[in-house]
Amino acid sequence: MRNRLLTTAITVLALAAPGIAAAGDCTNLQCSGVVVDKLYVRDDGRVWIYTDADEVPLTCNATAKPYVFLDLTPDAGAAYTALLTARVLNEPVTIKLKDNVDGTNLCHVRDVIL
């Protein structure tokens, strides 16, 4: 009886495991394995990116949410498409960042890996 309960408990945990997701990790100029919670497209052409990760450890200016920005320039279409796809599918992504883009130390998207 005890073995049967143990087997059942292990099976239940194994089946539930895919639904249990840890938040992504942000360090230096990269956020890995993050889930995009929200994309806020502003009228000035800037997209604010909200993720499930703690972005405070980033080396760019991460002082208040949203920490990560994408400027909708002609070159940003692929990155925006990847972020939007990740949001719709609820898939984790890696976001590589750059700082000092416009004389500020804000966290600007460089690459998105889906």
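Just above, that's the structure.
Scoring rules and cut-offs
Residues numbered from 1 in each chain as written. Predicted model: local features only at pLDDT ≥ 70, side-chain atom pairs only at ≥ 80, totals over all residues. Heavy atoms only, no water. Pairing = 2+ DSSP bridges. Helix = DSSP H or I, 4+ residues; strand = E, 2+ residues; numbered from the N terminus. Axes fitted to C-alpha atoms, helices over the stretch in contact; angles between N-to-C directions. Expected span 1.5 Å × (residues − 1). Buried < 20%, exposed > 50% of the residue type's maximum accessible area, 1.4 Å probe, protein only. Arc of directions from axis to C-beta. Contact = heavy atoms within 4.5 Å. Phe/Tyr/Trp six-rings, centres within 6.5 Å; stacked < 30°, edge-to-face > 60°. Lys NZ or Arg CZ within 6 Å of the ring centre and 35° of its normal.

Turning to the sheet that holds strand 4 (residues 46-51), a few remarks are in order. Within a sheet, each strand pairs with its neighbour through backbone hydrogen bonds, oriented either parallel or antiparallel. The sheet built from seven strands is open, its strands ordered 1-2-6-7-5-4-3 with mixed pairing. One side of each edge strand has no neighbouring strand; the edge strands of this open sheet are strand 1 (25-27) and strand 3 (36-41). Between one strand and the next, the sheet's axes are offset by a mean angle of 30°, whatever the strand orientation. Of the strand pairs in this sheet, strand 2 (residues 30-34) and strand 6 (residues 93-98) are connected by three bridges, and their pairing is antiparallel.

Turning to the pairing of strand 2, a few remarks are in order. With three bridges joining them, strand 1 and strand 2 adopt antiparallel strand pairing. Note on strand 2: the bridge partner recorded for Cys26 is Cys31. Linking strand 1 back to strand 2 in an antiparallel pair, the connection comprises two residues, with Asn28 at a positive phi of about 50°.

A word on helix 2 (residues 77-89). In a regular helix each residue adds 1.5 Å, so 13 residues correspond to 18 Å; helix 2 covers 18 Å between its end C-alpha atoms and thus fits that length. Of all the residues in helix 2, the buried ones are Ala79, Ala82, Leu83 and Ala86. When helix 2 is viewed along its axis, its buried side chains cluster within an angular range of 95° and face the same direction. Across helix 2 from its buried face, at more than 90 degrees, point the exposed residues Val88 and Leu89. Residues of helix 2 that are buried in the fold lie against strand 3, strand 4, strand 5 (68-71), strand 6 and strand 7 (107-113). Within two residues after helix 2, Asn90 carries a phi angle of roughly 60°, on the positive side.

Scanning the model with the defined rule gives two aromatic pairs in all. Ring centres 5.2 Å apart and planes at 45° place the aromatic pair Tyr40 and Trp48 in the tilted group. Taking 6.3 Å as the distance between ring centres and 80° as the angle between the ring planes, the aromatic pair formed by Trp48 and Phe69 counts as edge-to-face. Remark: Phe69 occurs in strand 5 and Trp48 occurs in strand 4; sequence separation between them is 21 residues. For Phe69, a relative accessible area of 9% gives the class buried. The rings of Tyr40, Trp48 and Phe69 are connected pair by pair, giving a single aromatic cluster. Across the ring face of Phe69, the terminal group of Arg46 is positioned such that the distance to the ring centre comes to 4.9 Å.

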